[in-house]
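Here is what each chain is made of, one letter per residue.
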Amino acid sequence: MEISYTVVAIISVIALIGYQIGLWKIFEKAGEKGWKSLIPVYRMWIWLQILSRPWWWMLLIIFPFIGIFMTYMMIWKTIRLYGKTSYLPLIFGTFFYFIYLPYLGFSKKEKYTRFKDLPKFKKSKAREWGDAIIFAVAAAFIFRTFLLEFYAIPTSSMESSMMVGDYLAVSKFHYGARIPETVLAVPFMHHTLLLTQTTRSYVEWLQLPYMRFPALQKIQNNSPIVFNYPDGDTVALERQSESYYAIVREFEAILNPNASPAEKSMVENKYGPEFISAMQLQYGNSAYHQGMGRAAVWNEYHVISRPIDKRENYVKRCVAIAGDKLQIINGQLYINGVAAKNPEKMQFSYKVEGGISVKKRKELNINEEDRQEIAPSVAIYHLHQSQREKIEKMGKIVTPLLEKAGEYNASIFPHDARYPWNKDNFGPLMIPQKGQTVTINDSTIVLYEQIIRNYELNTLERKNGKIYINGKEATSYTFKMDYYFMMGDNRHNSADSRFWGFVPEDHIVGKPVLVWLSLDKFKNWGEGKIRWNKMFKTIK
């Protein structure tokens, strides 16, 4: 159940009123004037005195987001002043403070006791551990949700800027900390329970709408960004690392006898003739119609949906922001008609003729998982310019592998032959901006269909050559959010916006700010496994 913004606003107002009324009466019971509870900052100082807490708590209270934790701790301590020691009133009162604080303030049977006069409460070992765990989990949750979270780089899509084995500190507050939308979840587990493959770590009974704290800075071109994978709203659990929508398109191409040559070539290379024959035998008995591929996917795999904040976390470079015009020509990115500044170690794929020893590959910091041997002493490598030059100096023949302009790649957004784009020749494409209105028709709807239906939650139908949004015929659409275009620095080995389109603003997680540990998975400890030159370096 998703709660609307109106309901959130009403609940927030009720909570604020209850909190204020309760604090007024509690101040009065403690011998302070109730009106002091109305003055921001000052009331926290008076409250600390009532609780007999040290002055330096005030420094923590005024610190962004840490203050949230401190306020809840002060509510917990306030409940203790009324003789409550069991977890039931302490936890209930802390979470439902807008009910419990007024109750303590108004109830004649609930007596306030100064901290120094409270009877000594002897905690058992279990209680000591329980208190420590509760406060540690609460503090870590707030820190992780609103300040910093740590991630590991699992793939080479940002090689060599961010390498496999890099451990990142990601700031949540630079672009505005996002309020968790999935409220009921196991702490510190993203979407799957520990030691399981498919068991969810959350339930969707209660969903908050998208809300974000004010940002310290705006997202700029070429900034590295951590975001929730947009195509991850639906997942085939047995193939979680792949796009569900890509799998559906592939199954449609397998079952559609009129699939384009590019689509047929794509699925043949990926699945092989045996799998394709088996699928056609099992599902191709009746005449093909649109949707047979989707039905086959749902029959073959366990398919689930995921809320935004429980989708996979990706890290890429934001190459275009809302309102930009993007185009790629022969591998060179252009923004608003001007050649973009390329990342220092941007990589492309090359065919290298002439063997390179394992020792030499390690010296060149070549990712072994990116290497594809296609013939004896011939392999495809993903290299940046410096690596390419060093290999050429070794006498090897190095040939760049670029897709030609007009060569349609069916895996590339918007997956429509009317837009014959590929990894190296893409666009031009305008990046949608909040408030911008675009014309929609049979040819442009493929660019914006996912935005209209999946991201901005409208109904979308196409009937008799006309487009209907929320049941009404439409020839234009106005965007409700800003969107971004993400690309990996490893241009030929990155699942990015070229494949699945735009990233909505509500999917932005944070800004990578620091590599705090870097381990080379392809080297042993004696070979320089720790990349000391990357440790504690800021990310650009």
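Just above sits the structure.
Residues numbered from 1 in each chain as written. Predicted model: local features only at pLDDT ≥ 70, side-chain atom pairs only at ≥ 80, totals over all residues. Heavy atoms only, no water.

S.K.: Explain the packing of aromatic side chains here, please?
M.R.: Each aromatic ring pair is summarised here by two numbers: the centre-to-centre distance and the angle between the ring planes. For the structure shown, the criterion picks out 36 aromatic pairs. Aromatic pair Phe92 and Tyr100: ring centres 6.1 Å apart, planes at 85 degrees, arrangement edge-to-face. Members of the aromatic cluster, each reached through a chain of ring pairs, are Tyr19, Trp47, Tyr72, Phe92, Phe96, Tyr97, Phe98, Tyr100 and Tyr103. For the cation-ring pair, Lys529 lies above Trp525, with the distance from its terminal atom to the ring centre recorded as 5.8 Å. (Phe/Tyr/Trp six-rings, centres within 6.5 Å; stacked < 30°, edge-to-face > 60°. Lys NZ or Arg CZ within 6 Å of the ring centre and 35° of its normal.)

S.K.: In this structure, what is going on with the sheet that holds strand E16 (residues 460-463)? I would like to understand it.
M.R.: Two modes of strand pairing occur in sheets, parallel and antiparallel, and in both the strands are linked by backbone hydrogen bonds. Spatial ordering of the open sheet is given by E16-E17-E18, a layout of three strands whose pairing is antiparallel. Pairing within the sheet leaves two strands with one partner each, and these edge strands are E16 and strand E18 (472-473). Inspection of the sheet shows strand E17 (residues 466-469) paired to E18 by two bridges, in the antiparallel sense. From the neighbouring strand, Tyr468 faces E18, where its bridge partner is Glu473. Across the sheet, helix H13 (residues 445-455) lies against E16 and E17, angled at about 140 degrees from E16, the strand it touches most. (Pairing = 2+ DSSP bridges. Helix = DSSP H or I, 4+ residues; strand = E, 2+ residues; numbered from the N terminus. Contact = heavy atoms within 4.5 Å. Axes fitted to C-alpha atoms, helices over the stretch in contact; angles between N-to-C directions.)

S.K.: Would you explain the packing of helix H1 (residues 5-29) against helix H6 (residues 97-106) in this entry?
M.R.: How two helices sit against one another is set out by the angle between their axes and by the gap between those axes. In the contact formed by H1 and H6, the axes pass within 7 Å of each other and the chain directions differ by 25 degrees. Taken together, H1 and H6 sit at an angle that is classed as roughly parallel. As for how H1 packs across H6, the hand of that crossing is left-handed. Between H1 and H6, the contacting residues are Ile14, Ala15, Gly18, Tyr19, Ile21, Gly22, Lys25, Ile26 and Lys29 on the first element and Tyr97, Phe98, Leu101, Pro102, Leu104, Gly105 and Phe106 on the second. Grouping the amino acids of the contact of H1 with H6 by side-chain chemistry returns 11 nonpolar, three polar and two charged. (Parallel < 35°, antiparallel > 145°, perpendicular 65-115°, else oblique. Left-handed = near helix turned anticlockwise from the far one by under 90°. Nonpolar A, V, L, I, M, F, W, Y, C, P; charged D, E, K, R; others polar.)

S.K.: Would you mind showing me how to read the sheet that holds strand E12 (residues 378-383) here?
M.R.: Strand order across the open sheet formed by four strands is E11-E12-E10-E13, with antiparallel pairing between neighbours. Two strands in the sheet have a free side with no partner beyond their single neighbour: strand E11 (372-375) and strand E13 (397-400). Strand-to-strand twist in this sheet, taken as the mean axis angle between neighbours without regard to direction, amounts to 30 degrees. Along the sheet, helix H12 (residues 385-393) makes contact with strand E10 (348-353), E12 and E13, crossing E12 at roughly 145 degrees.

S.K.: Can you help me understand the environment of Glu159 in this one?
M.R.: Within the fold, Glu159 resides in the loop between strand E1 (148-152) and strand E2 (166-171). For the pair formed by Glu159 and Asn493, sequence separation is 334 residues and the distance between their alpha carbons is 9.2 Å. Look past the residues within four positions of Glu159 in its chain and what remains in contact with it is Val164, Lys345, Gln347, Asn367, Asp489 and Asn490.

S.K.: Before we go on, may I ask you to explain the side chain of Asp233 in this structure?
M.R.: In this fold, Asp233 is placed in the loop between strand E3 (223-228) and strand E4 (234-236). Buried Asp233, no salt bridge; nearest opposite-charge side chain is Arg311, N-O distance 4.7 Å. Setting aside anything within four residues of it in sequence, one finds Asp233 in contact with Tyr245, Ile304, Ser305, Arg306, Arg311 and Asn454. (Buried < 20%, exposed > 50% of the residue type's maximum accessible area, 1.4 Å probe, protein only. Lys, Arg positive; Asp, Glu negative; His and termini not counted. Salt bridge = Lys/Arg side-chain N within 4 Å of Asp/Glu carboxyl O.)

S.K.: Hey, could you run me through the pairing of strand E6 (residues 313-320) in this one?
M.R.: Where a strand is regular, its side chains alternate between the two sheet faces. For E6, the tally of buried residues reaches seven of eight residues, placing the bulk of the element in the interior. As paired elements, E3 and E6 share six bridges and run antiparallel to each other. Residue pairing across strands places Val226 opposite Val315, the latter belonging to E6. Of the pairings in the sheet, the one linking E6 to strand E20 (residues 483-487) comprises three bridges and is antiparallel in character. For Arg317, the partnering residue across the bridge sits in E20 and is Met487.

S.K.: I keep staring at the environment of Thr444 and nothing clicks. Help me out?
M.R.: One can find Thr444 in the loop between strand E15 (437-439) and H13. For Thr444, a relative accessible area of 18% gives the class buried. Spatially, the C-alpha atoms of Thr444 and Pro414 are 9.8 Å apart, while their sequence positions differ by 30 residues. With residues up to four places along the chain from it excluded, the contact list for Thr444 reads Tyr419 and Thr439.

Geometry only, nothing functional implied.
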